[in-house]
Amino acid sequence: MTHNPALEKLGFKPEDRVAILHVDDVGMCGASLAAFDELWTKNAVTCGSVMVPCPWFHATAEWARAHPDADLGVHATLTSEWPGYRWGPVSTREASSGLMDDEGAFPRTSPEIMQSADPEAAKAELARQVELALDAGIKATHFDTHMGSVMDRKLYPAFTEVAHHFGLAPFALRLTPEQWARAGYTQETADVLTAETARIEKAGTPVLDRIHQLSLSDEEDRLSKTKAMIDAIKPGHIGYVVFHPAHDTPEIQSICPDWRSRVMDYEMLVSGAIREHAEAQGIRLIGTKALQNAMEQS
């Protein structure tokens, strides 16, 4: 594809390399909120997103009220992956919604929710998550996706509709159908994702070029791999660089088998190594508030 047309709207040159340093899973647990608090205070990241159905949502909202300038979005949550630490819908308890498994929580995987969810029920759930965040005093900037669960032919149009209804910048990638297909998506879903992204981009919504993230199962040499991942951001692209940082606590160790990678994400970010490396490579850093502002100006 050509250079991202949003670059000029954001005040950059067509050949600039731009990145967003994003923290996922804020409020999933106490360790995630504590890490984001420290990283935001140290200017080590540029934004994050909160998981509204999770137990630490209210603490995150309290933090957001105390930090009104924080760039914090809503992490659209339709899955609940951990065996002993689960959460479910905030909009319904009706089994017919297809949003719950036999434990009354969201299904554990994205393919499960993509298959089971009633699209209208999913749309209502996504809207309710945003409403609760806004009502709690979070000045939400964007709407992204936990485990990619909304990247589905049935769910993605509802996701972008909810984002635009509330004036949030939606997670969207400028990929061709062939690129989506190579990532494992069905042709039908690839076509919907491509068409919907093209539609919102034409309407003036800034969209991203690539998502850059290491698997949480990858614990070896995480710092150098992250630097290499950032180096791969191409001229003319806006890269969405995703981290899952957490403080090293008994809580996070009891919840997540991949807790070591989360702690490593925190350690390399809080050291300043990631931001310093990106800036040394000439990569311009922005938050998602910039995308929301550009969307509002369209």
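Everything numeric here is computed off the predicted structure, so don't read it as measured data.

## Examining the environment of Val130
Next up, step 1: Position of Val130 among the secondary structure elements: in helix α5 (residues 119-135).
Next up, step 2: Along the backbone, Val130 and Phe143 are 13 residues apart, and their C-alpha atoms lie at a distance of 8.4 Å.
Next up, step 3: Setting aside its immediate chain neighbours within four residues, Val130 contacts Val74, Phe143, Val162, Phe166 and Leu168.

## A closer look at helix α13 (residues 288-296)
Next up, step 1: Turning to α13, its buried residues number three or more, namely Thr288, Leu291, Gln292, Ala294 and Met295. Across the axial projection of α13, the buried residues extend over an arc of 160 degrees, all falling on one side.

## A look at the environment of Phe143
Next up, step 1: Secondary-structure assignment places Phe143 in strand β4 (residues 142-145).
Next up, step 2: The spatial distance from the C-alpha of Phe143 to the C-alpha of Phe166 is 9.6 Å, given a sequence separation of 23 residues.
Next up, step 3: Not counting the four nearest positions on each side in its chain, Phe143 is found in contact with Val74, Ala76, Leu126, Val130, Phe159, Val162, Ala163, Leu168, Ala169, Pro170 and Phe171.

## Here we look at the environment of Ser97
Next up, step 1: With respect to the helices and strands, the residue Ser97 is situated in the loop between β3 (72-76) and α4 (110-116).
Next up, step 2: Of the residues examined, Ser97 reaches a relative accessible area of 5% and is grouped as buried.
Next up, step 3: When sequence neighbours within four positions are dropped, the list of residues in contact with Ser97 reads Thr92, Ser116, Ala117, Asp118 and Ala121.

## Thoughts on the pairing of β3
Next up, step 1: For β3, a buried count of five out of five residues is recorded, marking the element as mostly surrounded by other parts of the structure.
Next up, step 2: Two elements, strand β2 (residues 47-50) and β3, share three bridges in a ladder whose sense is parallel. Bridged to Gly48 within β3 is Leu72.
Next up, step 3: Tracing the backbone out of β2, into helix α3 (residues 57-66) and back to the parallel element β3 gives a crossover that is right-handed.

## Remarks on the packing of helix α6 (residues 156-165) against helix α8 (residues 187-202)
Next up, step 1: It is at 10 Å that the axes of α6 and α8 come closest, and there the two elements cross at 20 degrees. Here α6 is positioned roughly parallel relative to α8, judged by the angle of their axes. At the point where α6 passes α8, the crossing takes the right-handed sense. Taken together, the residues of α8 that come into contact with α6 (itself represented by Tyr156, Pro157, Thr160 and His164) are Val192, Leu193, Glu196, Thr197, Arg199 and Ile200.
Next up, step 2: Grouping the amino acids of the contact of α6 with α8 by side-chain chemistry returns five nonpolar, three polar and two charged.

## Focus on the side chain of Thr79
Next up, step 1: Residue placement: Thr79 occurs in the loop between β3 and α4.
Next up, step 2: When sequence neighbours within four positions are dropped, the list of residues in contact with Thr79 reads Trp87, Phe106, Pro107, Arg108, Thr109, Ser110, Ile113, His146, Met147 and Ser149.

## Let's talk about unusual backbone geometry
Next up, step 1: Backbone geometry at Asp25 places phi at a positive 70 degrees, although glycine is not the residue there.
Next up, step 2: By secondary structure assignment, the location of Asp25 is in strand β1 (residues 18-26).
Next up, step 3: Judged by its relative accessible area of 3%, Asp25 is buried.
Next up, step 4: Non-glycine residue Met147 carries a positive phi angle of around 60 degrees.
Next up, step 5: By relative accessible area, which is 38% here, Met147 ends up partly exposed.

Cut-off values and rules
- Residues numbered from 1 in each chain as written.
- Predicted model: local features only at pLDDT ≥ 70, side-chain atom pairs only at ≥ 80, totals over all residues.
- Heavy atoms only, no water.
- Helix = DSSP H or I, 4+ residues; strand = E, 2+ residues; numbered from the N terminus.
- Contact = heavy atoms within 4.5 Å.
- Buried < 20%, exposed > 50% of the residue type's maximum accessible area, 1.4 Å probe, protein only.
- Arc of directions from axis to C-beta.
- Pairing = 2+ DSSP bridges.
- Right-handed = clockwise from strand over helix to strand, strands pointing away.
- Axes fitted to C-alpha atoms, helices over the stretch in contact; angles between N-to-C directions.
- Parallel < 35°, antiparallel > 145°, perpendicular 65-115°, else oblique.
- Left-handed = near helix turned anticlockwise from the far one by under 90°.
- Nonpolar A, V, L, I, M, F, W, Y, C, P; charged D, E, K, R; others polar.

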